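Residues per chain, in single letters:
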Amino acid sequence: MPVDLAASAKTPPATDDEDERDSFINQSIRRHLSVPRLFASEVRSVFGWTDVGPEEDDDPTSPKLSKPPSDTLTEHQSRVPRLPVPDLHETAKTYLNSLASLLTADEFDLAEEEVNELLKPTIGPVLQKELEARAADPAHASWLENWWDDSYLCSRDSIAINVNYFFAFEDDPVPENMVQVGRAASLLHGALCAYQKIKTEKLEMDFERKNPLCMSQISRVFAATRVPQLNEDKIITYTSTEPTGADKVSETSDFVHMDPQHVVVLCESKFYSFDAVGEDFEPKSIEELERLLAACIAKSEATGPAIPVELCTTMNRDKWADLRQRMILISEVNRATLEAIQSAVIVVVLEPLAPDSDEELSRLLLHGSGVNRWFDKHNLIVCRNGRAGINFEHAVGDGSTTLRFADEIYQHSVEYGRPLELVAQNVGEGAAARKVKLVEHVWLINKEVENILRDAYEDFKAEILGTETSVLGFKQFGGAFIKTVAGMSPDAFVQVAMQLAYYKNFGRNDATYEAASTRTFFHGRTEVVRSATNEVKAFCESCNASALTHRNAGQKHPTQLRLLREAVKAHTDYMKKAKQGNGVDRHLLGLRMIYEENRERFKFPLPSIFKGSGYRKSSHWNLSTSHCGSPSLVSFGFGPVVGDGFGIGYMIKNNCIAFNITSNFHNRSTPSDIMACLLEGALVHLKSIVLSDPERVSRRQTHGMSFSHPTTHTDELLVQWLRSGKRFSRKPAADSVKDSRDTVNAAAGSPQRKSA
């Protein structure tokens, strides 16, 4: 059956002028192929550009990705320091400071007593000493790693929405390339090239401002899977090159000694696979991948509907583990199908729907309808109209690692994009006669399993209906304005805006989680930045209590501006501490786990800090936030982590900020659409505060005569100017154009051209 390639494919503006049409396409290609250069100064959270203000940014225009010529993966890893254990008294101080904006006076007094109890020589220091001994033990890659893995793998909730996250790619800059089969092939080819780099050890190492970043997670980007088990899942990585050096002691993943060459394609709940790489992991050509993917679609359309067995990955993890064992007992065919999926380099999903909006795309990538997804692995999802993204299983790694590969995959697809005409020639009826090696994987299930899957569909349907998603594309300004005009950390500025929006909705600030990467340490994952600081609370209250330009006697700057700067600085300082491994939450988790695992050896009960209302309230994440900025993405998101909270994924680009906001639909106090409206207003409010700076006002250049409105004091000058015979020019002088362009380039962080 021929594949309808033209469905929903986008085309360039209609024109009879071939030169104009070619110019449109060539300009689009050049614009996006130049992304690695032009966006070297783009606001990419991975390498820390958004975490600090301009005074602390060493060189925002230089790429942060590099690799010394002789630096192998093992050598690179040997240079990454071990994760430190924070000082106990510093953690206690930071913890109490983080509670002050969340608790009543009585609650805070009680929390202070609990902290003092922890600091008693016979309690906290004893736990601290044990934790420091664990950190120094070479048998552990990191004192935190096993416990942090457990936080993902022991959770029994469905991982779809609750754990997994997604990246939504920008559209191809050439609309004609937005063809499902062609775009899926070029994106897949990009992923296979990245896989080849990893397998042949040609991957560039990651650095953040000259600091090497731990690369331990890269082995689980491809050919890895989460496997359900009772009580605790496990991660399996399929590779013949197992970890070396200090990486060998990590217990995060089990290993199967093989190097997969195949990918699995999910199309209308049917599973197909084909070998996608050959010797030396060389990817098959894009043309051949197109033919293979088109064959999957044609074969799927030629057969009847399939039972959506993949719904099993949306289930409670214990129920899915039990179902998995039942299916294996029914037939070895099911075991073989499971093994083919688990060991695949990646799962490619050919989505039959064609989302028209970013909001629809976000919903499809986060959860879809539950069918046509395998949530236990990374899914490269390409829709019928060419829109695409990736749903990532979170236990195997964090966004700071996967974002780098998403960038590479997208840039590769842009460089090798294929228009409708070429794709049609390649996979048309004549070309379809060429035989392709395609394996269809089947399931043998009984009525009992079918009923379980039907219940799973109803359960996940309720979860989908209970999840509200809103997308805010804020275009009034972006990171360039925040960094160059406001002179502040873009990430901290946006975090304060989110706090103000939340405050406007509820009249208070609640516990807020921002993920900070700790990959500057060996096997580091993340630490929490507690964004709801005292300084943020004071700023939010001032926005209701005083006029925008109000200032107290003797103060040079308006109150709101002063408090905004203090709030931004407080957040920036906390971010620095967290990225240095000196946060609060991972340290407290470590102290508690030391006690829980050695309870019988200690002569004191569990410290009351872990049972107190302050600890519970300050770790009930009403705002769970994360920043993954990239020019390759249009959106990034995940589900809320508590029933009365929001999940906010955001990306700060030079001239815009994108937010994906999720919440629980059943809790009407947290509608995501209202949060989006308030957030937009909060960002505008913050810009107004920045513009109210008296020093900035005094630096503004006065407009030229031709742009002045004639008033009483300019009438005479205007008459004299008109009598001189000059007239208003539609085109400003060349120097003026150059000056204005240089100003725009400087604000956007773009390199200025040297004049001849």
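Above this text sits the structure in question.
Residues numbered from 1 in each chain as written. Predicted model: local features only at pLDDT ≥ 70, side-chain atom pairs only at ≥ 80, totals over all residues. Heavy atoms only, no water.

*Asks:* Honestly, the overall build of the chain in this entry has me stumped. Any pointers?
*Replies:* A count of helices and strands for the chain gives 26 helices and 19 strands. Counting across all 756 residues of the chain, residues that qualify as buried make up 54%. Contacts spanning at least 24 positions in sequence make up 75% of the contacts within the chain whose residues lie at least 6 apart. Counting only carbon and sulfur atoms, one obtains 52% of the accessible surface of the chain, whose full area is about 32800 Å². (Helix = DSSP H or I, 4+ residues; strand = E, 2+ residues; numbered from the N terminus. Buried < 20%, exposed > 50% of the residue type's maximum accessible area, 1.4 Å probe, protein only. Contact = heavy atoms within 4.5 Å. Areas by Shrake-Rupley, 256 points an atom, 1.4 Å probe, with all protein chains shown as cover.)

*Asks:* Quick question: what am I supposed to make of the pattern of salt bridges here?
*Replies:* It is possible for side chains bearing opposite charge to pair when their charged atoms get close. A complete count under the given rule lists 36 salt bridges for this structure. With a shortest N-O distance of 2.8 Å, D259 and K199 are connected by a salt bridge. Taken as a pair, D259 in the loop between strand 6 (253-256) and strand 7 (262-267) and K199 in helix 8 (residues 180-199) lie far apart in primary sequence, 60 residues in all. By relative accessible area, which is 27% here, D259 ends up partly exposed. For R565, the salt bridge identified is with D693, shortest N-O distance 2.9 Å. (Salt bridge = Lys/Arg side-chain N within 4 Å of Asp/Glu carboxyl O.)

*Asks:* Just to check I follow, could you spell out a nonpolar patch on the surface for this structure?
*Replies:* Among the surface-exposed residues, I330, V333, V442 and L444 lie close enough to one another that they form a single nonpolar patch of about 280 Å² accessible area. Mapped onto the elements of the fold, L444 is located in the loop between strand 12 (439-441) and helix 16 (447-465). Residue classification places L444 among the partly exposed residues on the basis of a relative accessible area of 42%. (Patch = residues over 30% accessible without salt bridge, like charges linked within 9 Å, V, L, I, M, F, W, Y side chains within 5 Å.)

*Asks:* Just to check I follow, could you spell out the sheet that holds strand 6 for this structure?
*Replies:* Across a sheet, paired strands are connected by hydrogen bonds in the backbone, their directions being either parallel or antiparallel. Read from one edge of the open sheet, three strands run 4-5-6, paired in mixed fashion. Lying at the two open borders of the sheet, with one neighbouring strand each, are strand 4 (224-227) and strand 6. Mean inter-strand twist for the sheet, computed between neighbouring axes without regard to direction, equals 30°. In this structure, strand 5 (residues 234-238) lies alongside strand 6, joined through four bridges in parallel fashion. When the sheet's bridge partners are listed, T237 is paired in strand 6 with F255. (Pairing = 2+ DSSP bridges. Axes fitted to C-alpha atoms, helices over the stretch in contact; angles between N-to-C directions.)

*Asks:* I tried to follow a negative patch on the surface on my own but got confused; where do I start?
*Replies:* There is a patch of like negative charges on the surface, built from D106, D109, E112 and E113. You can call D109 partly exposed: its relative accessible area is 42%. (Lys, Arg positive; Asp, Glu negative; His and termini not counted. Charge placed at Lys NZ, Arg CZ, Asp CG, Glu CD.)

*Asks:* Would you mind going over the pairing of strand 10 (residues 379-382) with me for this structure?
*Replies:* On a regular strand, each side chain points to the face opposite its neighbour's, so the side chains alternate between the two faces of the sheet. Residues N379 and I381 of strand 10 are buried on one face, and the alternating residues L380 and V382, pointing to the opposite face, are buried as well. Bridge count for strand 9 (residues 347-350) against strand 10 is four bridges, and the pairing is parallel. Directly across from V347, in strand 10, lies its bridge partner N379. Tracing the backbone out of strand 9, into helix 12 (residues 358-366) and back to the parallel element strand 10 gives a crossover that is right-handed. Bridge analysis of strand 10 against strand 11 (residues 388-392) gives four bridges, and the strand direction is antiparallel. Of the residues in strand 11, the one forming a bridge with I381 is G389. Connecting strand 10 to the antiparallel partner strand 11 that follows it, the hairpin turn spans five residues, and G386 within it adopts a positive phi of roughly 90°. (Right-handed = clockwise from strand over helix to strand, strands pointing away.)

*Asks:* Would you mind showing me how to read unusual backbone geometry here?
*Replies:* Leaving glycine aside, a negative phi is the common case for residues, and trans is the common case for peptide bonds. A positive phi angle, near 75°, is found at I161, a position not held by glycine. Mapped onto the elements, I161 comes out in the loop between helix 7 (145-153) and strand 1 (165-169). Positive phi, close to 60°, is recorded for H523, a residue that is not glycine. Counting through the fold element by element, H523 comes out in the loop between strand 14 (512-517) and strand 15 (526-530).

*Asks:* What is the right way to read the sheet that holds strand 16 (residues 623-627) from this model?
*Replies:* What the six strands build is an open sheet, ordered 13-19-18-16-14-15; its pairing is mixed. The open sheet is flanked by strand 13 (467-474) and strand 15, the only strands paired with a single partner. Taken over all neighbouring pairs, the strand axes of this sheet differ in orientation by 20° on average, direction set aside. As defined by bridge partners, strand 13 adjoins strand 19 (residues 657-664) across eight bridges and the pair is classed as antiparallel. For V471, the partnering residue across the bridge sits in strand 19 and is N660. Sheet strands touched by helix 20 (residues 559-579): strand 14 and strand 15. Its angle to strand 15, the strand with the most contacts, is close to 160°.

*Asks:* Even after reading the chapter, I still don't get the packing of aromatic side chains, so can you show me in this structure?
*Replies:* Remark: the centre distance and the inter-plane angle together describe each pair of aromatic rings, the angle taken between the planes. Across all of its chains, the model carries 27 aromatic pairs by this definition. Summarising the aromatic geometry, the rings of F169 and Y410 are spaced 6.1 Å apart at their centres and angled 20° between planes, so their arrangement reads as stacked. Within this pair, whereas F169 is found in strand 1, its partner Y410 is found in helix 13 (residues 399-415), the two being separated by 241 residues in sequence. Residue F169 is classed as buried on the basis of its relative accessible area of 0%. Seen from their ring centres, W374 and W443 are 6.2 Å apart, and the 15° between their planes marks the pair as stacked. Taken together, the residues W374 in the loop between helix 12 and strand 10 and W443 in the loop between strand 12 and helix 16 connect sequence positions 69 residues apart. Considered together, W374 and W443 belong to a single accessibility category, that of buried residues. Taken together, Y165, F167, F392, F636 and F638 form an aromatic cluster joined through their ring pairs. Taking the ring centre of W147 as reference, the NZ or CZ of R134 above it sits at 3.8 Å. Cation over ring: R586 sits above W148, and NZ or CZ is 3.9 Å from the ring centre. (Phe/Tyr/Trp six-rings, centres within 6.5 Å; stacked < 30°, edge-to-face > 60°. Lys NZ or Arg CZ within 6 Å of the ring centre and 35° of its normal.)

*Asks:* I would appreciate a short explanation of the environment of V345 in the present structure.
*Replies:* Relative to the assigned elements, V345 resides in the loop between helix 11 (332-343) and strand 9. Remark: the alpha-carbon pair of V345 and A191, spanning 154 residues in sequence, is separated by 9.1 Å. If sequence neighbours within four positions are ignored, V345 has contacts with L192, Y195, F222, A223, P260, Q261, H262 and V263.

*Asks:* Honestly, the packing of helix 20 against helix 23 (residues 672-691) in this entry has me stumped. Any pointers?
*Replies:* In helix packing, the relevant descriptors are the interaxial angle and the interaxial distance, both defined with respect to the helix axes. In contact at an axis separation of 9 Å, helix 20 and helix 23 are set at 110° when each is read in the N-to-C sense. Taken together, the axes of helix 20 and helix 23 are roughly perpendicular relative to one another. In this structure, helix 20 crosses over helix 23, and the sense of that crossing is left-handed. For the pair formed by helix 20 and helix 23, the contact residues are Q560, L561 and L564 on the first element and H685, L686, I689 and V690 on the second. Residue classes in the contact of helix 20 with helix 23 are distributed as five nonpolar, two polar and no charged. (Parallel < 35°, antiparallel > 145°, perpendicular 65-115°, else oblique. Left-handed = near helix turned anticlockwise from the far one by under 90°. Nonpolar A, V, L, I, M, F, W, Y, C, P; charged D, E, K, R; others polar.)

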